[in-house]
Amino acid sequence: MYNYTKVVAFVFDLCGNEFTTQLLIIALLFIPAVKRRRLFALRYISSFACIIGLQTLNRFGYFPVPAPVNYVLVLAMLIGATALCYHVNFVQSMFLGVCIYCSQFVLSSTAYIIAFTIMQLMRDASAFSYYYIIMPLLTAGFGAATYFTVVRRIKRHGELKFNSSAVVYIVITFALVATTLTHFARRELFWTLTGQIYLLTISVLFTCSTLLAGFMNLSKLRLEEENKILQQLLHKDKLRYEQAKLSNEKIMIKYHDMKQHMSQGIVDYESLSETEADNELLRCTYFTGNRALDIILSEKALMCEKLGIRLVCTADGSAIDFMKSYHIYSFVGNALQNGIESLRKEKNEELKELTVSLTRVGNMCVFRAENYTSEKISISDGLPVTNKEDKENHGFGAKSMRNIAQRYGGKIKFLHENGVFTVVTMIPIPVTEKV
């Protein structure tokens, strides 16, 4: 046991001390989560060589600084290392640095809690040697936990966007409180094992709360930004609907006037020649009983005809009269556009068919759209994951559809089975329907 302890302690010393060893191991887990700069390996090795060198000098008394100052200094160097190695700004590097530091702090404190608990139960100070068994095992298990709970969340968020002042506050409070709890309070206030176990437990809870606060801020701002984008897209759909409605009305008025003239035996050859270009549009015109639905179906039917896609549509416009016109235009438009985008890539003409139905079932409005796709579509958080490379700026069509359905108390489901992608939406029809 003694020889094993010496080996583990020697490994710690190679990296400066156990503190920097744990930081180095935890920091390695974050490499896949963030975009790296050129010459990353050289930057990374140089950065941690500086941290390890500083801790080695401190251990041998060549750089004597109080422990609290040393902790803060290492945090500052860690933040600088992330800024040097990754494509991040200063605030983002602060966030990444505190994530690594917090993870190390929880790992170290948990190992000490277990070791002190064993000492307390055995009532033997030499039982602390179990720490050197606990630490390597805990590092392996905690490393996996850190990757799945912290690193993957950062990777999933992509670009880190958050309230800068909140991140600065989190970094400062963590540095101050962690320093106080791990140094001053432990050395000056608590001399018993029970006291130190209690202190370290509070430290772990505080650190976990710090991480949670950081990710809540990150998620909140991301949701706010997504909501802003969705509102902008909905506004654009509203403007497009108004333009499409005006164009549709002009064509209908023109044909109505021509019909009136022809009934009187008057043939306006100039107007007739102007309307020849509209024949294609008339062939794709729908009359479902809902003006907004007619316009968007007609638009997409014309697009399908040009792309060689068969649009099979059954729609009862009265079933959706309770929704605002631009919501109908946006919702149905996004559903059909997704199907069209998928089918236009298919080479087999027999499979290029988009089936759409909108019906009333009891007191529910049921919308269904399905099409064949040869692409593999994965569903995450109830939404299809976009296949486009720029995932950060795409995939909002499905989110917009979900938002509109939820606005009316409905639910939407996306399915991909046996090569068929299906969207099913059920929205309750209000007792008092309003256009």
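Residues numbered from 1 in each chain as written. Predicted model: local features only at pLDDT ≥ 70, side-chain atom pairs only at ≥ 80, totals over all residues. Heavy atoms only, no water.

### Side note on the overall build of the protein chain
Part 1: Within the protein chain one finds 13 helices and 7 strands.
Part 2: Burial statistics for the protein chain: of 435 residues in total, 44% are counted as buried.
Part 3: When the accessible area of the protein chain is evaluated, it comes to approximately 23400 Å², of which 60% is carbon and sulfur surface. (Helix = DSSP H or I, 4+ residues; strand = E, 2+ residues; numbered from the N terminus. Buried < 20%, exposed > 50% of the residue type's maximum accessible area, 1.4 Å probe, protein only. Areas by Shrake-Rupley, 256 points an atom, 1.4 Å probe, with all protein chains shown as cover.)

### So, unusual backbone geometry
Part 1: Not every positive phi belongs to a glycine, and L39 is a case in point at roughly 55°.
Part 2: Residue placement: L39 occurs in the loop between α2 (18–29) and α3 (40–59).
Part 3: Classification of L39 as exposed rests on a relative accessible area of 56%.
Part 4: Although it is not a glycine, D381 sits at a positive phi angle of roughly 55°.
Part 5: Mapped onto the elements, D381 comes out in the loop between β4 (379–380) and β5 (383–384).
Part 6: On the accessibility criterion, D381 (64% relative accessible area) is exposed.

### Observations regarding the pairing of strand β6 (residues 411–417)
Looking along a regular strand, one sees side chains alternate from face to face of the sheet.
Part 1: Bridging between β6 and strand β7 (residues 420–428) involves 7 bridges; their strand directions are antiparallel. Following the sheet pairing, E417 is matched in β7 by V420.
Part 2: Hairpin connection of β6 to β7: 2 residues between the antiparallel strands, including N418 at a positive phi of 55°. (Pairing = 2+ DSSP bridges.)

### Comments concerning helix α13 (residues 396–407)
Part 1: When the terminal C-alpha atoms of α13 are compared, their 16 Å separation across 12 residues agrees well with the 16 Å that a helix rising 1.5 Å per residue should span.
Part 2: Listed as buried for α13 are F396, G397, A398, K399, S400, M401, I404 and A405.
Part 3: Looking one or two residues beyond α13, the residue adopting positive phi is G409, at roughly 80°. (Expected span 1.5 Å × (residues − 1).)

### Considerations on the confidence of the model for the protein chain
Part 1: A residue-level look at the protein chain finds 74% of positions with pLDDT of 70 or above and a mean pLDDT of 78.
Part 2: With pLDDT under 50 throughout, residues 390–394 is counted as low confidence; its partners more than four residues away or in other chains account for 9 contacts. (pLDDT = per-residue confidence, 0-100. Contact = heavy atoms within 4.5 Å.)

### Some thoughts on the packing of aromatic side chains
Part 1: Enumeration according to the criterion identifies 16 aromatic pairs in this entry.
Part 2: For the pair Y44 and F48, a centre-to-centre distance of 5.0 Å together with 40° between the ring planes defines the contact as tilted. With a gap of 4 residues between them, Y44 and F48 both fall in helix α3, about one helical turn apart. F48 matches Y44 in its accessibility class, with the two residues each being buried. (Phe/Tyr/Trp six-rings, centres within 6.5 Å; stacked < 30°, edge-to-face > 60°.)

### Quick notes on the packing of α3 against helix α4 (residues 67–85)
Part 1: Running from N to C, α3 and α4 cross one another at 170°; their axes reach a closest spacing of 9 Å. Taken together, the axes of α3 and α4 are roughly antiparallel relative to one another. Where α3 approaches α4, its residues F40, R43, Y44, S47, F48, C50, I51, L54 and Q55 are matched on the opposing element by N70, L73, V74, M77, L78, A81, L84 and C85.
Part 2: Residue composition of the contact of α3 with α4, by class: 13 nonpolar, 3 polar and 1 charged. (Axes fitted to C-alpha atoms, helices over the stretch in contact; angles between N-to-C directions. Parallel < 35°, antiparallel > 145°, perpendicular 65-115°, else oblique. Nonpolar A, V, L, I, M, F, W, Y, C, P; charged D, E, K, R; others polar.)

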